[in-house]
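Structure assessment
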Amino acid sequence: MAGIQENQQALSSDFSLLTNWEEKYEFLIEMGLDLPEMDAEKKVDKNLVKGCQSSVWFDISCQNGTLSFEADSDSLVVKGLVAVLDRLFNHQPAKDVLTADLSIFDELGLWRHISSQRSNGLTAMMAHLKAAAAECLTEEN
Amino acid sequence: MIIYGAPSQRSSILPFNIRGIQHYDMGVLLDTMGIAVRTGQHCTQPIMDALHVSGTVRASIALYNNRTDMDKLAYGVQRAVKMLKR
């Protein structure tokens, strides 16, 4: 399976074909729509990411040091951002998720289009994943 | 489009939703087009509960807004609907 670096390069290559914010948002929305629906029973408080204005749920599991998750949001744009995180970090070693950053959103040209509230939400989602990655590593050791 | 409130009592505040579109999605796309609206519950959770909505988009029209701004808002909403309606 490709690592975070390779996933990042593949995403950059996809986004490099898009020339304006409208195309980027449309692509992001499409990515979100391609994410599998999350079961309603997983949309519970314990899976809710705090710090997002719209509702975002992550159901995260850890197996042999690998972090896997299902995620969803009631906002299509946020679901697109979730899909980017899914492509980058799902089924990746927890130690790699723990050291990853969000510079990819700069590279994709998305950061400047994301409002401060949404970027706070993105930071909150990343913090949520990193906390789960740290927990996953602790369980392993 | 659902416009909330009583038209005869409304001043220049226009809270609305588009069926099937999350208010926050509409807000972020309008923002990208340079149109400032507020989205969410506007610190009026009991009203949102009574309306059975999680939030609304709210355009607040002021003295300095003109016809062009209104046209931009209408065009922006149509453009966002095209992008978000699935």
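Provided above is the structure to which this section pertains.
Now for a description of the structure that goes with this document.

Attention now goes to the overall build of chain B. The number of helices and strands found in chain B is 3 helices and 4 strands. Mapped from its N terminus to its C terminus, chain B presents α and β elements in the order β-β-α-β-α-β-α. For chain B, the C-alpha radius of gyration of 13 Å lies close to 12 Å, the compact-globule estimate for 86 residues. Within the span of chain B, comprising 86 residues, buried residues form 23% of the whole. Sequence-distant contacts, at least 24 apart, represent 54% of the contacts inside chain B between residues at least 6 apart.

Once that is clear, we can look at the sheet that holds strand E2 (residues 66–73) of chain A. Residue and element names in this part refer to chain A. Strand order in the open sheet formed by 3 strands is E1-E2-E3, and the pairing between neighbours is antiparallel. The two strands at the open ends of the sheet, each matched to only one other strand, are strand E1 (56–63) and strand E3 (92–93). In terms of strand pairing, E1 meets E2 through 8 bridges, oriented antiparallel. Pairing of Cys62 across the sheet is with Leu67, part of E2. Together, E1, E2 and E3 form the strand contacts of helix H3 (residues 76–89), whose direction differs from that of E2 by roughly 170°.

A word on the sheet that holds strand E3 (residues 38–40) of chain B. Residue and element names in this part refer to chain B. The strand order E1-E2-E4-E3 describes an open sheet built from 4 strands, whose pairing is antiparallel. Each having just a single partner strand, strand E1 (2–3) and E3 make up the two edges of the open sheet. Where E3 lies against strand E4 (residues 56–60), 3 bridges are found, and the strand directions are antiparallel. Residue pairing for E4: Arg38 is matched across the bridge by Arg58.

Here we take up the interface of chain A and chain B. With 14 residues of chain A in contact, the opposing surface of chain B contributes 11 residues. Secondary-structure elements contributing two or more residues to the side of chain A that touches chain B are helix H2 (21–34) and H3 of chain A. The element that contributes the greatest number of residues to the side of chain A that touches chain B is H2 of chain A, accounting for 5 residues. Considered class by class, the residues forming the side of chain A that touches chain B number 6 nonpolar, 5 polar and 3 charged.

Below, the discussion takes up the packing of helix H1 (residues 4–16) of chain A against H3 of chain A. All names here are of chain A. Packing of H1 against H3 brings their axes to within 8 Å, and their N-to-C directions diverge by 135°. As summarised for this structure, H1 and H3 are arranged oblique, according to the angle between their axes. Across the interface between the two elements, Ile4, Asn7, Gln8 and Leu11 from H1 touch Val84, Arg87, Leu88 and Phe89 from H3. Broken down by class, the residue content of the contact of H1 with H3 amounts to 5 nonpolar, 2 polar and 1 charged.

Let us now look at the pairing of strand E2 (residues 13–17) of chain B. In the sheet, E1 of chain B pairs with E2 of chain B via 2 bridges, with the strands oriented antiparallel. Note on E2 of chain B: the bridge partner recorded for Ile2 of chain B is Asn17 of chain B.

Attention now moves to helix H3 (residues 67–84) of chain B. All names here are of chain B. For H3, which comprises 18 residues, the first-to-last C-alpha distance of 26 Å matches the rise-based estimate of 26 Å (1.5 Å per residue) to within 8%. Every buried residue of H3 is listed here: Val77, Ala80 and Leu84. Buried residues of H3 fall within an arc of 70° about the axis and therefore sit on the same side. The exposed set on the far side of H3, more than 90 degrees from its buried face, consists of Arg67, Thr68, Asp71, Ala74, Tyr75, Gln78 and Lys82.

All right, on to the packing of helix H1 (residues 23–32) of chain B against H3 of chain B then. Residue and element names in this part refer to chain B. Direction vectors running N to C along H1 and H3 enclose 120°, while the axes themselves pass 9 Å from each other. As judged from the angle between their axes, H1 and H3 are oblique. Between H1 and H3 lies a crossing of right-handed hand. Of the residues in H3, those in contact with Asp25, Met26, Leu29 and Leu30 of H1 are Gly76, Ala80, Met83 and Leu84. When the residues that make up the contact of H1 with H3 are grouped by side-chain class, the tally is 6 nonpolar, 1 polar and 1 charged.

Calculation criteria
Every residue gets a number counted from 1 within its own chain, in the order that chain's sequence is written. Just so you know, chain letters begin at A and ligand numbers begin at 1, following the order they were written in. Given that this is a predicted model, residues contribute local features only at a pLDDT of at least 70 and side-chain atom pairs are listed and counted only at 80 or more, while totals for whole chains, interfaces and linings are drawn from all residues. Numbering of helices and strands starts at the N terminus; helices are DSSP runs of H or I of at least 4 residues and strands are runs of E of at least 2. Both definitions apply: the radius of gyration is a C-alpha atom measure, and the globule rule equals 2.2 Å times residues to the power 0.38. Exposure classes come from backbone-placed C-beta atoms, where a residue is buried if 20 or more other C-beta atoms lie within 10 Å of its own, exposed if 12 or fewer do, and partly exposed in between. Contacts are defined on C-beta atoms placed from the backbone: any two residues whose C-beta positions lie within 7 Å are in contact. Criterion used throughout: strands pair if DSSP finds at least two bridges between them. Only C-alpha atoms enter the line fits that serve as axes; for helices the fit covers just the stretch in contact. Angles between N-to-C directions range over 0 to 180 degrees. We call Asp, Glu, Lys and Arg charged. Ala, Val, Leu, Ile, Met, Phe, Trp, Tyr, Cys and Pro are nonpolar, and the rest, Gly among them, are polar. Working rule for angles: under 35 degrees goes down as roughly parallel, over 145 as roughly antiparallel, 65 to 115 as roughly perpendicular, anything else as oblique. By definition here, a helix of n residues has an expected span of 1.5 Å times n minus one. Comment: arc refers to directions from the helix axis out to C-beta atoms. Note on convention: near helix rotated counterclockwise from far helix by under a right angle means a left-handed crossing. Clockwise means right-handed.

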